[in-house]
Amino acid sequence: MTEFIELSLVAEEPHCGQIEVILLEAGACSITVEGDGREVCLEGDPVSRSWSVRKISALFDRDFLSIEALGRIKSGLGAFPVRDSFKVTDLPDLDWERAWQDHVRPVVVEDRLWIGPTWTEPDGKYDTAVRIDPGLAFGTGSHETTYLCLQALAKVPLDGKTVIDFGCGSGVLGIAACLMGASRCIGVDTDPDAVRVANENARINGVQNRFEALSNGKFAVCRNSKRETAQVVVANILASALIDLADILTGIVSDDGMLILSGILPDQVEPVLDAYQSCFRFASFRLGDWVMLAGSVRNGADDEQTDTG
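The following refers to the structure shown. Please read these numbers as outputs of a predicted model, since none were measured by experiment. (Residues numbered from 1 in each chain as written. Predicted model: local features only at pLDDT ≥ 70, side-chain atom pairs only at ≥ 80, totals over all residues. Heavy atoms only, no water.)

**Section: the pattern of salt bridges**
Next, step 1: One pass over the full model with this rule turns up five salt bridges.
Next, step 2: Two residues, Asp127 and Arg112, come together in a salt bridge whose shortest N-O distance is 3.9 Å. Residue Asp127 is located in the loop between strand 7 (113-116) and strand 8 (128-131), and its partner Arg112 is located in the loop between strand 6 (107-109) and strand 7; the two are separated by 15 residues in the primary sequence.
Next, step 3: Take Arg112: its relative accessible area is 24%, and that puts it in the partly exposed class. (Salt bridge = Lys/Arg side-chain N within 4 Å of Asp/Glu carboxyl O. Helix = DSSP H or I, 4+ residues; strand = E, 2+ residues; numbered from the N terminus. Buried < 20%, exposed > 50% of the residue type's maximum accessible area, 1.4 Å probe, protein only.)

Here's what the structure looks like:
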């Protein structure tokens, strides 16, 4: 069993997205949210956007939470009225999956896509069912950023297309894309545990012949040797990383392709647009604290401004 440290705090709704970013940038491997009535959701279920006050809990692998990282977290949280509620708890030998079996709920997207853990069954008939157990790789479909991406993928004709999921976490987006018709998906992640978990989840869902998760380094080698591109590229990561990766992500979208960017707070939309807008025409979509940008490649005559949705 891996040993963990849990950081928890109580925050008012307007600050929650910014606090999640601080925790994620410091290396949180999973985040949970509780509402006023102690309702629990994994990774910020979309229903949580109606809660005025939330308890946010973040798990950190003990081996990777340094004193310096903890200091950065405390400094970042200093801008929000959470000081009295901030707690650090030792969680030795935590069996993460067992701990959350009683709390995880399936997610339904566009009435056609069902995502749930392996110990549950769909409560209705859906076109696509994805099995993802909670664990130490982000992505059960419930976080607003992931849910927005799933909505976009559910509306795009994916038959025969290649998809690249940059920052794949559990692999939920790429696996769902394969089950909805994509001929191939490459998942990319910096975390070796995420790469391992995503490939295992692909096996569980029977798409291991069409889905492969790679480390950033291996993907870079593959991209350079094969000039890898895809008709659909999705990146559900933090805004700062989206800006840093603009050249790479732009370069792997095919000429007729689509780029989906998520993990963006409202006040981060403009900087992200500045990094991509010369190459893509975007529509924006918001859920709770988070924004997703869905873009198509600009052609020479395309000079329209970003649409909002």
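**Brief notes about the packing of helix 1 (residues 16-25) against helix 2 (residues 67-77)**
Next, step 1: Contact pair helix 1 / helix 2: the axes reach a minimum separation of 9 Å and the direction vectors enclose 165°. By the angle between their axes, helix 1 is roughly antiparallel relative to helix 2. Note on packing geometry: the crossing formed by helix 1 with helix 2 is right-handed. Facing Ile19, Ile22 and Leu23 of helix 1, the residues of helix 2 in contact are Ile73, Gly76 and Leu77.
Next, step 2: Tallied by class, residues from the contact of helix 1 with helix 2 come to five nonpolar, one polar and no charged. (Axes fitted to C-alpha atoms, helices over the stretch in contact; angles between N-to-C directions. Parallel < 35°, antiparallel > 145°, perpendicular 65-115°, else oblique. Left-handed = near helix turned anticlockwise from the far one by under 90°. Contact = heavy atoms within 4.5 Å. Nonpolar A, V, L, I, M, F, W, Y, C, P; charged D, E, K, R; others polar.)

**As for the nonpolar core**
The nonpolar side chains of a soluble globular protein tend to be buried, and buried together.
Next, step 1: Judged by nonpolar contacts, the single largest core of 39 residues is most densely connected at Leu113, Leu158, Phe211 and Ile260.
Next, step 2: Of all the elements, helix 4 (residues 144-155) adds the most residues to this core, at seven residues.
Next, step 3: The contact partners of Leu113, leaving out residues within four places of it in the chain, are Val107, Val108, Thr128, Val130, Leu150, Ala176 and Met180.
Next, step 4: Ile186, Leu242, Ile252 and Leu273 belong to the second-largest nonpolar core, a separate cluster that totals 28 residues. (Core = buried A, V, L, I, M, F, W, Y, C linked by side-chain atoms within 4.5 Å.)

**Notes on the state of the cysteines**
Next, step 1: Counting across every chain of the model gives zero disulfides.
Next, step 2: As a non-bridged cysteine, Cys185 has Cys178 as the owner of its nearest cysteine sulfur, 5.2 Å distant. (Disulfide = S-S within 2.5 Å.)

**Looking at helix 10 (residues 269-276)**
Residues that lie three or four places apart on an α-helix share one face, since the helix turns once every 3.6 residues.
Next, step 1: Residues of helix 10 that are buried include every one of Val269, Val272, Leu273 and Tyr276, and no others. Down the axis of helix 10, the buried side of the element spans an arc of 100°, and every buried residue falls inside it. In helix 10, those exposed residues whose orientation departs by more than 90 degrees from the buried face are Glu270 and Asp274.
Next, step 2: For helix 10, the elements touching its buried residues are helix 8 (239-244), helix 9 (246-251), strand 13 (253-264), strand 14 (280-287) and strand 15 (290-297). (Arc of directions from axis to C-beta.)

**Some details on the packing of aromatic side chains**
Next, step 1: By the definition in use, this model includes three aromatic pairs.
Next, step 2: Considering the side-chain rings of Phe166 and Phe219, the 5.8 Å spacing of their centres and the 80° angle between planes classify their relative orientation as edge-to-face. Of this pair, Phe166 sits in strand 9 (residues 162-166) while Phe219 sits in helix 7 (residues 216-226), and the two are 53 residues apart along the sequence. The exposure classification of Phe166 matches that of Phe219, with both residues buried.
Next, step 3: With a centroid separation of 6.4 Å and 90° between ring planes, the pair formed by Tyr276 and Phe282 is classed as edge-to-face. For the pair shown, Tyr276 and Phe282 are each scored as buried. (Phe/Tyr/Trp six-rings, centres within 6.5 Å; stacked < 30°, edge-to-face > 60°.)

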